[in-house]
Every structure is written in structure tokens, then in C-alpha cells.
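Per-entry structural report
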Amino acid sequence: AAKAEGRRTHRFFEPAMDARAQARLAMEQDLRQALTAGSFDIHYQPLLDLSSGEVTGCEALLRWRHPERGMVSPAEFIPVAEDTGLINEIGDWVMQTACTEAAGWPSRVRLAVNVSPIQLKSPTLALRITGALAASGLPPDRLEIEITEAVLIHDDESALAILHQLRAIGVRIALDDFGTGFSSLSYLKRFPFDKIKIDRCFVSDIEIDGSAAIVQAVVNIAAARNMTTTAEGVETVQQREMLRQLGCTQMQGYLFSAPKPAAEARRLLGARVETETAVA
Ligand code: C2E
Ligand code: MG
Ligand code: MG
Ligand code: MG
């Protein structure tokens, strides 16, 4: 055992590992400072209703302006924030800031906020979200939290209990990135979601292979269970029209707009896009 231990210790101090560990430690320290230094910002991406062509939602997406590295992608820093528990403080800041912004939007526009599985481990999360709603004046039914299936994989009873608490106060719950990773239809039985977000990978291939049939199946399941659907990553008119014909409720993607700073996003919320039904 001593020998194995020795070997492991040795491996830990290999230069490459050491550099990676140091980079992570540095990021952890930078993340701690980012909140107080005001280096976080939220960009907002509109969600368009496919039958009316109106903006009916807007997703808050966190951005980090690092003093030396410039814009750091959430895909890079969220996992570090999750490992260190900093995601709770960062998540609270996102919730408070985004709710305050959304309180000034037209009432048909719902705010979507991503919530990490780690945040759902905190027994006070629902209370803190209730606080953010009350402080901002945003009605609970205009908030939608987006969670990934990671929450459902372990069948974590306490996380599900928090989702039910949020549901009880009127907050809506969406299943994000559906169809990726370990997605299973059985997850749809574990919680009564309000919405399924169909992952970008099905949208980008929609004209090429069997993706249209998969999207159709998800749309049908959603309708049968009283859920709406949002297609992520819509980049072309062809994709939009196909999704509309398949009966998808909403679209989100660069075709209409990339995520934008608050003031810019605000100007887009009154837009109405002429999809084929809107014209007819
Ligand atoms: P997500 O929630 O699935 O967000 C959608 C991602 O797709 C965003 O990436 C968005 O910029 C990108 N996207 C939107 N339309 C298009 C398109 O037409 N084409 C392409 N190629 N991409 C598109 P982003 O902003 O880099 O965020 C990545 C992920 O980071 C998010 O994925 C979410 O899981 C996580 N994230 C972002 N903000 C937060 C946050 O405040 N809290 C937590 N816990 N996670 C967050
Ligand atoms: Mg999301
Ligand atoms: Mg997504
Ligand atoms: Mg994603």
C-alpha cells in the first residue's frame, strides 16, 4: 500500500499534472475575485415563438471578462465553479441580476436561467430564488429554470424536492440539452417538466439525416405530456421552417440573434419575425 501511495504521489507531481493543477487553482482564485470585482456580465438570447414569430422568452447566459485572458467561456469556468462550490454565489448573482433585468421586459417574455445540479443540492435554493423574485418584482411564472439531465441521473430525491418547491411557487422548469449525453425517456417520468429544449445537434442535422424524425418524436411526446418544446441552435431559415412544420413551439439561435448585452437584447424583445404562418 505504501508503494502504491508513493507511486500516486509521484504521479501527482509530474510536471504536466502540476501545471494543470496550478492553472485550475489560479482560475479558482480568479473566480473568487470576479464577483467582487464585477467581472461577470450576463448576455441575453431571445427565444422566438414559431407560430406567432414573437419573442416569448429570453435566456440569461453568463459571461466572464478575465483581466488577462479576455472572455472566458462558461463551458470552461462553470465546471470549476461547480467543483469549488462557488457556483452557489455566482448562481445567486445571476438570478438576482437577471430577474431585475427581466422585470422591465414585456410581460409575454419569460426569463430563462440555467441552474447547475450543484445548486440543486442546496436546501435553501428555493428560498433564495423566491427572494430574488420578490426583490425584483418579477412574477414567479415569468421565470423558467433550465436544468440538465445530470440532475435526474442519480434520481436525487432532494434535488427533485427543490424542483417541486419551485414548481409550487409558480416557477417553470425546462429540461435543457435534451437528447445529449445519457438522455433517457424515463427522465420525463421523474419530473413534470414544462418544457423540453431540443439540443442543437438535432437542429444542425435536421435536413441531413434522421434528425427530423427524432425532433418530431420529441415534439409528439412533449405535446402528449403537456410540455412545450424549444429548438436550440437554429441558424438557418430552412431549419426554422422545418421546425415550425414539425410543430416545435419555440426557437433559439443565431438566425434571430446571438446572446447580447442587456441593453441590446432589450431592443430585440419587441420584434416580430415573419415566419410562413405569420405571413399567411
Ligand atoms: P445552454 O444552456 O445549452 O445554452 C445555449 C448555448 O448555445 C449558449 O452557449 C449559446 O450561446 C449557444 N448558442 C445559442 N444559439 C446558438 C447557435 O445558433 N449556434 C451555436 N453554435 N450556438 C448557439 P454559451 O453561452 O457558451 O453557454 C454554454 C453553457 O454554459 C450553457 O449551455 C449552460 O449550460 C452554461 N451556462 C451559461 N450560463 C450559465 C449560468 O448562469 N449558470 C449555469 N449553471 N450555467 C450556465
Ligand atoms: Mg440553457
Ligand atoms: Mg442547451
Ligand atoms: Mg448546453
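Conventions used here
Residues numbered from 1 in each chain as written. Chains lettered and ligands numbered in written order. Predicted model: local features only at pLDDT ≥ 70, side-chain atom pairs only at ≥ 80, totals over all residues. Heavy atoms only, no water. Donors = N, O, S within 2.8 Å, 3.2 Å for Na, K, Ca; no water. Helix = DSSP H or I, 4+ residues; strand = E, 2+ residues; numbered from the N terminus. Buried < 20%, exposed > 50% of the residue type's maximum accessible area, 1.4 Å probe, protein only. Axes fitted to C-alpha atoms, helices over the stretch in contact; angles between N-to-C directions. Parallel < 35°, antiparallel > 145°, perpendicular 65-115°, else oblique. Left-handed = near helix turned anticlockwise from the far one by under 90°. Contact = heavy atoms within 4.5 Å. Nonpolar A, V, L, I, M, F, W, Y, C, P; charged D, E, K, R; others polar. Core = buried A, V, L, I, M, F, W, Y, C linked by side-chain atoms within 4.5 Å. Near = heavy atom within 4 Å. Polar contact = N/O pair within 3.5 Å; in protein donor to acceptor, adjacent residues only side chain to side chain. pLDDT = per-residue confidence, 0-100. Phe/Tyr/Trp six-rings, centres within 6.5 Å; stacked < 30°, edge-to-face > 60°. Lys, Arg positive; Asp, Glu negative; His and termini not counted. Salt bridge = Lys/Arg side-chain N within 4 Å of Asp/Glu carboxyl O.

1. Quick notes on the coordination of the magnesium ion (ligand 3)
Protein coordination of the magnesium ion (ligand 3) is provided by D176 (OD), D177 (OD), E232 (OE) and E232 (OE), with donor distances spanning 2.0 to 2.6 Å. Each donor residue of the magnesium ion (ligand 3) lies on one chain, and together they are spaced D-D-x54-E. A spacing of 4.0 Å is found between the magnesium ion (ligand 3) and the magnesium ion (ligand 2), which share D176 as a donor. Placement of D176 in strand β6 (residues 172-178) and of E232 in the loop between β8 (228-231) and α11 (237-245) is noted, with a sequence separation of 56 residues between them. Judged by its relative accessible area of 6%, D176 falls in the buried class.

2. Focus on the packing of helix α4 (residues 87-102) against helix α5 (residues 125-136)
At their nearest, the axes of α4 and α5 sit 8 Å apart, and the two run at 25° to each other. In terms of orientation, α4 and α5 fall into the roughly parallel class. Helix-helix and strand crossings are classified by hand; for α4 and α5 the assignment is right-handed. Residue-level inspection shows N88, D92, M95, Q96, C99 and T100 of α4 in contact with α5, the latter providing R128, I129, A132, L133 and S136. Here the contact of α4 with α5 is composed, by residue class, of 5 nonpolar, 4 polar and 2 charged.

3. Concerning the nonpolar core
Ranked by internal contacts, the top residues of the largest apolar core, which has 77 residues, are L31, Y44, L111, L143 and I145. Here this core gets 7 residues from one element, more than from any other, and that element is α4. Among residues more than four places away in sequence, those in contact with L31 are F40, W64, F77, V80, A81, L86 and I90.

4. Description of the site of ligand 1
Neighbouring residues of ligand 1: 22 residues in total, closest R63, N114, D176, E235 and Y254. A distance of 2.8 Å is found between an oxygen atom of ligand 1 and a side-chain nitrogen or oxygen belonging to R63. Elements with a minimum of two residues in the shell around ligand 1: β2 (55-66), α3 (74-84) and β6. Taken together, the residues of the shell around ligand 1 break down into 8 nonpolar, 6 polar and 8 charged.

5. Remarks on the confidence of the model for the protein
Averaged over every residue, the pLDDT of the protein is 91; the share at 70 or more is 92%. Considering only residues more than four positions removed or in separate chains, one finds that residues 1-7, a stretch of pLDDT under 50, has 0 contacts. Overall fold confidence (pTM) sits at 0.92, and the ipTM for the predicted complex is 0.98.

6. A short note on the packing of aromatic side chains
Counting across every chain of the model gives 6 aromatic pairs. Relative to W64, the ring of F40 lies with its centre 6.0 Å away and its plane at 40°, an arrangement referred to as tilted. Pair noted here: F40 is in strand β1 (residues 40-49) and W64 is in strand β2, with a separation of 24 residues, a long-range link. Taking relative accessible area as the criterion, F40 reaches 6% and is therefore assigned buried. Under the relative-accessibility criterion, W64 is labelled buried at 1%. Plain terms: the ring middles of F191 and F193 are 5.2 Å apart, the flat faces sit at 65° to each other, and that makes the pair edge-to-face. Accessibility classification places F191 together with F193 in one group, the buried group. In this structure an aromatic cluster arises from ring pairing among F40, W64, F77 and W93.

7. A few points about the packing of α5 against helix α7 (residues 157-168)
Viewed as axis vectors pointing N to C, α5 and α7 meet at an angle of 30°, and their least axial separation amounts to 9 Å. Taken together, the axis directions place α5 and α7 in an arrangement best described as roughly parallel. Seen along the crossing, α5 lies across α7 with a hand that is right-handed. Packed against α5, whose contacting residues are L125, A126 and I129, the element α7 presents I162, Q165 and L166 at the interface. For the contact of α5 with α7, the residue count by class is 5 nonpolar, 1 polar and no charged.

8. Topic: the side chain of D49
Examined against the element boundaries, D49 turns out to sit in strand β1. The side chain of D49 is buried and forms no salt bridge, while R272, the nearest opposite charge, is found at 8.6 Å. A polar contact is formed between the side chain of D49 and the backbone nitrogen of S51, at a distance of 2.9 Å. One polar contact links the side chain of D49 to the main-chain amide nitrogen of S52, over a distance of 2.9 Å.

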